[in-house]
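Now for the letters of each chain:
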Amino acid sequence: MSTTTAAAPVAPGNPPEQAETVARGRDPRRRKRAWMAVGGALVAFVFLSPYLIMVLDSLRTSTDVKSTPTSILPKVWQLNTYATILGDERFLNWLKTSLIVATGSTVIVVLVAIPAAFMTARHRFPGRGAFLFLVLVTQMFAPTSLVVGLYRQFFELNLINTYAALIITNAAFNLAFAIWILHGFFSSIPLEVEEAASLDGATRWQVLRRVMLPLTLPGLVTATIFTFIAAWNEYVVALTLMIDDDKKPLTVGMRAYITGYEQHWDQLFAASVIAVVPVVILFAVIEKHLVGGLTAGSVK
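Residues numbered from 1 in each chain as written. Predicted model: local features only at pLDDT ≥ 70, side-chain atom pairs only at ≥ 80, totals over all residues. Heavy atoms only, no water.

Draft legend 1. Geometry of the packing of helix H5 (residues 89–122) against helix H11 (residues 217–233). The N-to-C vectors of H5 and H11 enclose an angle of 145 degrees; their axes lie 8 Å apart at closest approach. In the packing of H5 onto H11, the handedness of the crossing is right-handed. Contacts between H5 and H11 involve Leu95, Ser98, Leu99, Ala102, Thr103, Ser105, Thr106, Val109, Val110 and Ile114 from the former and Leu220, Thr224, Thr227, Phe228, Ala231 and Trp232 from the latter. (Axes fitted to C-alpha atoms, helices over the stretch in contact; angles between N-to-C directions. Helix = DSSP H or I, 4+ residues; strand = E, 2+ residues; numbered from the N terminus. Left-handed = near helix turned anticlockwise from the far one by under 90°. Contact = heavy atoms within 4.5 Å.)

Structure below.
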């Protein structure tokens, strides 16, 4: 009489070999995810380490910052530096100027780039190629090479030491990039999507606002962030056109913390940390629309 031994139950959906490998802790997928997590953490540390050093230096005393050899952590933690900076009227004026100039330039660029990119991507008209080439050529000129001509032009227009001069300049130098970015996104959208909206009775403006813009939202976000950061970080033109100390942007005004007579390195680093915050906030607010914009507007 033969005896039959029952086989051990196997978890549904897992082959016996895979179950045995998982049981031994040798799942290759798990190890791959672990290594990717470690690699991602290392890359993030490399990119974030300058900001970490900047934060630590803002919490040191000015003497500790200049000491050699330096230490990783502050020898004396100075926690009132940020209160000193935020209570400085000069810093608040510089911050206000940077916000006005960066926001104004971004708004102008977006409002002009959207119709320009839409028309060049969807309509064939005489001189279209020359226009796009001219837009590309303007991106090749740096503000530094044109700063003398800009000063002369704004002097004739009586716009020296005004917000308008910086807003116009930053908008002009970032418009070409925004047009090219949005032009590529508009061109990638199938023509049938636009025709379907027109057959439903949508006007040209409604097609652009309700269909095309949601589909090009990732490109619009890219152009917005790029323009805002470029205007926020601009230095040479602001140094040349802005005379009054209370109208200078952060990039120019923060030089006042380091002079030939006094050096407040702790305040400079604290001001630099605060200057990064608006850009981080803008990215955090807009970034969530990147994925949603890929499919929004394509379904009726």
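So much for the structure itself; the text now carries on.
Draft legend 2. Main features of a negative patch on the surface. Among the surface-exposed residues, Glu89, Asp244, Asp245 and Asp246 lie close enough to one another that they form a single negatively charged patch. Tracing the sequence through the fold places Asp244 in the loop between helix H12 (236–241) and helix H13 (250–253). (Patch = residues over 30% accessible without salt bridge, like charges linked within 9 Å, V, L, I, M, F, W, Y side chains within 5 Å. Areas by Shrake-Rupley, 256 points an atom, 1.4 Å probe, with all protein chains shown as cover. Salt bridge = Lys/Arg side-chain N within 4 Å of Asp/Glu carboxyl O. Lys, Arg positive; Asp, Glu negative; His and termini not counted. Charge placed at Lys NZ, Arg CZ, Asp CG, Glu CD.)

Draft legend 3. Inspection of a nonpolar patch on the surface at higher detail. Together, Val43, Phe45, Val46, Phe47 and Leu52 make up an exposed nonpolar region whose accessible area comes to about 540 Å². With respect to the helices and strands, the residue Phe45 is situated in helix H2 (residues 28–58).

Draft legend 4. Representation of the packing of aromatic side chains in the model. Applying the stated criterion across every chain yields a total of six aromatic pairs. Taking the centre distance of 5.5 Å and the plane angle of 70 degrees together, the rings of Phe118 and Phe186 count as edge-to-face. You can see Phe118 sitting in helix H5 and its partner Phe186 sitting in helix H8 (residues 163–188), a full 68 residues away along the chain. (Phe/Tyr/Trp six-rings, centres within 6.5 Å; stacked < 30°, edge-to-face > 60°.)

Draft legend 5. Expanded view of the environment of Val76. Inspection of the secondary structure assignment puts Val76 in the loop between helix H3 (62–66) and helix H4 (81–86). Sequence separation between Val76 and Asp64 is 12 residues, and the spatial gap between their C-alpha atoms is 7.9 Å. Setting aside chain neighbours within four positions, we find Val76 in contact with Leu59, Arg60, Thr61 and Asp64.

Draft legend 6. Inspection of unusual backbone geometry at higher detail. If you check the backbone angles, Asn158 has positive phi at about 60 degrees while not being a glycine. Looking at the element boundaries, Asn158 is found in the loop between helix H7 (147–156) and H8. Here Asn158 falls in the exposed class, since its relative accessible area comes to 68%. In this model, Asn161 sits at a positive phi of 65 degrees, which is unusual for a non-glycine residue. Tracing the sequence through the fold places Asn161 in the loop between H7 and H8. (Buried < 20%, exposed > 50% of the residue type's maximum accessible area, 1.4 Å probe, protein only.)

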